[in-house]
Amino acid sequence: MLACAIVALGALLFGVGHAAENLTHPPARVSVGAGAWLVLVGVAIVWFQGSRLARSRLASTVAWVSAAVLTLSAVVWGGLGTTGIALEYGQQDVFWILTVNHILLTLAGTAIAAVIGVPLGIWAARSRIVRGTAIPFAGLVQTIPSLALFGLLIVPLTLLGLPTIGTVPALIALTLYALLPIVRNTYLGVAGVDEAVVDAGRGMGMSGSELLLRVELPLALPLILEGLRAALVLTVGIAAVMAIAGAQDLGTLVFLGFGVQANDLVLLGALPMVVLAIIADQGMRALEREFVSPGIRPGREEPA
Amino acid sequence: MITLEHLTKRYGERLAVDDLSFEVADGEVAVLIGPSGCGKTTTLRMINRLIEPSAGRIFIDGTDATTLKPEELRRHIGYVIQSVGLFPHLTVAENIATVPRLLGWKSDRIRPRTSELLELVGLPSSEYAEKYPRQLSGGEAQRVGVARALAADPPVLLMDEPFGAVDPLNRDRLQAEFARIQRELKKTVVFVTHDIDEAIRLADKIALMREGRLQQYDAPEMLLDHPANKFVHDFVGADAALKRLGRVRVDRVMRTAVPRAADGDRTAIDAAACSPERFVYLTDVAGVLTGWVDCRVLDRGTPPSEAETPVDWHEAAVHPDASLKEALSRMLALGYRAVPVVDEEGRLLGDVSLMDVERTMESGDAHMDAPGKGGEA
């Protein structure tokens, strides 16, 4: 199935490239048409179904590598480099700076949220008062539309003498949004540890911190990583909106593109975001495979 | 030795445990029993201070338990609970190594200890050490739970309904194994159960509790023969004679010189002095029980080949560690007057007949036998 997806992807990329090359005379620009996008979506669906079914890590690695090689070669030899997006890329020398900024914003926001959220989640599992305040608060923040949150942040930021546009408010907003999945999942993970397991641990003479580090956190890890994954994917998207408040990231290209009605420019911002979100998602899943004990991994292993 | 002195636990107005005092001698099994809510589990959890007493004191080998740090105290007391509570993210070997790790043992000391304990509870180390708890059956998990509690060789073992959650067949096997391990290790054990048969089978002393108060603390025989009050009498039930059989192991009374025929050896069947009371047992070359010949059928002139009844030793035989009560119930269930005794692999060791059971009841042998005592087997 993966192989089918790769072949289809190759055909599509080279086909589009070929078409772009041969059409270049009258119109100045060639945009990739709706049909090609639809086919690309179809390929993606087949791709994900295939990688879900493919059990070996090798198969999916080979698939990713060949997809990357195909795309590159389509750009270089297949004429894909003459499409509108590629031309925009050529003109936007800030593309990579914006991309790196986007990645940094996302990672920093999630990291700060993790540093605050994981201890808060553990605390919530211990204390009813914390549980009753922290989780509803994080939930409330999540319901505030991102643009409204910017407005709300202006007052406290001004009071603190911090800039109200640019990186600082963006980072604060991203942290606040990332908080809910992390706090909630950490709380659920720790509170969900089987009481008998905790009783056994205490009965064998584990102190509170030994119990937390050796038993509760390892058992809560799948849910905590799931929360981090959700936070990361969420912030990749929200970071784009932050461009409105002056953050310099991929969102900047999107808004710029909308402003001058250049669809290819919008796409130049949007497509890498999709790629980033997929990388974040897959990367966190890989971490899960690496660090979660096989004894509590969902699925495959059947009881003897 | 464990000494409880005027131990009391108050929850608001309610007295969960009320002025409880008793002593568990070294190497003895004290079973706490009583209806639910009688305070037996609370008492147990006060011994390792998972629950702090409201009043009274606990001494373990002369040391006041309240003077130790709770964690320190618990690392030297084995703890087994009904729901087992194995750590699902750790392998069986890592689970067993928990307390040795907490005590800072070196790994070259932990590894041999882990395999030794797995063998002790009847799980081959090569097969089980690297498994995860979710790959174990209920009985296997509880065996690992016992191994984990014994890991650092604590002198004292606390067991809270350890076999309460497994099916009756497995419970029986686990009880027999526990009795065997206890004969070998001689721990000082406090064991909570609500099953009077289990208590009678395993206890050196039974502490019967009701609404937080101790009703009687005595050897099982005394509880059966001389109940201290009507509550004790009603609790142990009317079938004291039958219950006493629960304290005698099959290997104490079984007959080992049984007529047997290996691998279809017809002449052996004919030659065997076939007493009408029992069977001639058929085994394969390895000595595993495969069937029997009912002597009464032979007497009627039926040829031996037709009198052979194939049997499955899993169903038709008992283990030498089983109780006479179990052997008797097997006879009644199958409708025979004798039951073969086999080891773990099904090899024939002997048999027990209805008459053996009767003789035991008459001679009062049941009074002398307790699982904690008697070095042989």
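Residues numbered from 1 in each chain as written. Chains lettered and ligands numbered in written order. Predicted model: local features only at pLDDT ≥ 70, side-chain atom pairs only at ≥ 80, totals over all residues.

Q: Mind showing me how you'd approach the overall build of chain B here?
A: Across its full length, chain B holds 19 helices and 16 strands. Taken over the C-alpha atoms alone, chain B extends approximately 75 × 55 × 30 Å along its principal axes. Relative to its 377 residues, chain B shows a buried fraction of 48%. Residue pairs in contact within chain B that sit at least 24 positions apart in sequence constitute 62% of those at least 6 positions apart. (Helix = DSSP H or I, 4+ residues; strand = E, 2+ residues; numbered from the N terminus. Buried ≥ 20, exposed ≤ 12 C-beta atoms within 10 Å, placed from the backbone. Contact = placed C-beta atoms within 7 Å.)

Q: What exactly am I supposed to notice about unusual backbone geometry here?
A: Excluding glycine, residues mostly carry a negative phi; peptide bonds, for their part, are mostly trans. Residue and element names in this part refer to chain B. A positive phi angle is found at D61, which is not glycine, with a value near 50°. For D61, the location among the structural elements is in the loop between β4 (55–60) and β5 (63–64). Its identity as a non-glycine residue notwithstanding, V84 has a phi of 65°, on the positive side. Here V84 is to be found in the loop between β6 (77–81) and α3 (92–96). We classify V84 as buried; it has 25 C-beta atoms within 10 Å.

Q: Looking at this model, I keep getting lost on the confidence of the model for chain B. Mind explaining?
A: Close inspection of predicted coordinates is inappropriate in any region flagged by low pLDDT. All names here are of chain B. In this model, chain B carries an average pLDDT of 87, and 90% of its residues clear a pLDDT of 70 or more. Predicted confidence is poor over residues 366–377, with pLDDT under 50, and the contacts of this stretch with residues over four places away or in other chains come to 26 contacts. In the predicted complex, the global pTM is 0.76; the interface-specific ipTM is 0.75. (pLDDT = per-residue confidence, 0-100.)

Q: Help me understand the interface of chain B and chain A in this model?
A: Frequently, the measure chosen for interface size is the accessible area removed from exposure when the parts meet. Contact with chain B, which involves 21 residues of that partner, is made by 19 residues of chain A. Elements supplying a minimum of two residues to the side of chain B that touches chain A: α2 (70–75), β6 and α4 (98–102) of chain B.

Q: Would you mind going over the packing of helix α5 (residues 95–126) of chain A against helix α8 (residues 167–191) of chain A with me for this structure?
A: Think of two packed helices as two axes; the pair is described by the angle between the axes and how far apart they sit. Residue and element names in this part refer to chain A. Between α5 and α8, the shortest axis-to-axis distance is 6 Å and the interhelical angle comes to 35°. The handedness of the crossing between α5 and α8 comes out as right-handed. Across the contact of α5 with α8, the residue classes tally to 21 nonpolar, six polar and no charged. (Axes fitted to C-alpha atoms, helices over the stretch in contact; angles between N-to-C directions. Left-handed = near helix turned anticlockwise from the far one by under 90°. Nonpolar A, V, L, I, M, F, W, Y, C, P; charged D, E, K, R; others polar.)

Q: Looking at this structure, I do not really get the pairing of strand β7 (residues 156–160) of chain B. What am I missing?
A: Remember that side chains alternate between the two faces of the sheet whenever the strand is regular. Residues and elements named next belong to chain B. Within β7, five of the five residues are buried, leaving the element largely enclosed by the surrounding structure. The side-chain alternation of β7 yields two buried faces, one formed by V156, L158 and D160 and the other by L157 and M159. In terms of strand pairing, β6 meets β7 through five bridges, oriented parallel. Looking across to β7, one finds that I81 is bridged to D160. The sheet contact formed by β7 and strand β8 (residues 188–193) spans five bridges and is parallel. When the sheet's bridge partners are listed, L157 is paired in β8 with V189. Crossover connection from β7 via helix α8 (residues 168–185) to parallel β8: handedness right-handed. (Pairing = 2+ DSSP bridges. Right-handed = clockwise from strand over helix to strand, strands pointing away.)

Q: Can you help me understand the sheet that holds strand β1 (residues 2–11) of chain B in this one?
A: Hydrogen bonds between backbone atoms are what pair the strands of a sheet, whose relative direction is either parallel or antiparallel. Residue and element names in this part refer to chain B. Spatially, the four strands line up as an open sheet ordered β2-β1-β4-β5, and their pairing is antiparallel. Each end of this open sheet is capped by a strand with a single partner; those strands are β2 (14–24) and β5. In the sheet, β1 pairs with β2 via seven bridges, with the strands oriented antiparallel. Along β2, the bridge assignment pairs L7 with L20.

Q: What is the right way to look at the packing of α8 of chain A against helix α10 (residues 208–241) of chain A in this model?
A: Residues and elements named next belong to chain A. It is the contact of α8 with α10, at a shortest axis distance of 8 Å, that shows an interaxial angle of 160°. In terms of their interaxial angle, α8 and α10 are classed as roughly antiparallel. Regarding α8 and α10, the two cross each other, and that crossing is right-handed. Residues that form the contact of α8 with α10 fall into these classes: 16 nonpolar, five polar and three charged. (Parallel < 35°, antiparallel > 145°, perpendicular 65-115°, else oblique.)

Q: Teacher, can you tell me more about the nonpolar core here?
A: The nonpolar side chains of soluble globular proteins are, as a tendency, buried together. The biggest cluster of nonpolar side chains holds 161 residues, and the ones touching the most others in it are M242 of chain A together with A30, V31 and V190 of chain B. For this core, the element with the highest residue contribution is α10 of chain A, accounting for 13 residues. (Core = buried A, V, L, I, M, F, W, Y, C linked by C-beta atoms within 7 Å.)

Q: What is the right way to look at helix α11 (residues 250–259) of chain A in this model?
A: Structural remark: α-helix, 3.6 residues per turn; residues separated by three or four positions point the same way. All names here are of chain A. If you check which residues of α11 are buried, you get L250, G251, T252, L253, V254 and G257. On its buried side, α11 packs onto α5, α10 and α12 (263–291). Within two residues after α11, Q261 carries a phi angle of roughly 55°, on the positive side.

Q: How do you make sense of the environment of T175 of chain A when you look at a structure like this?
A: Residue and element names in this part refer to chain A. Structurally, the position occupied by T175 is in helix α8. Residue classification places T175 among the buried residues on the basis of 23 C-beta atoms within 10 Å. Residues T175 and L268, 93 residues apart in the sequence, show an inter-C-alpha distance of 26 Å. The contacts of T175, once residues within four sequence positions are left out, are G109, I112 and A113.

Q: How do you make sense of the sheet that holds strand β11 (residues 260–262) of chain B when you look at a structure like this?
A: Residue and element names in this part refer to chain B. As summarised here, the arrangement of the four strands in space is β11-β12-β13-β14, forming an open sheet in which the pairing is mixed. Two strands close off the open sheet at either side, each with one partner strand: β11 and β14 (308–310). Each strand axis lies, on average, 25° off the axis of its neighbour in the sheet, ignoring direction.

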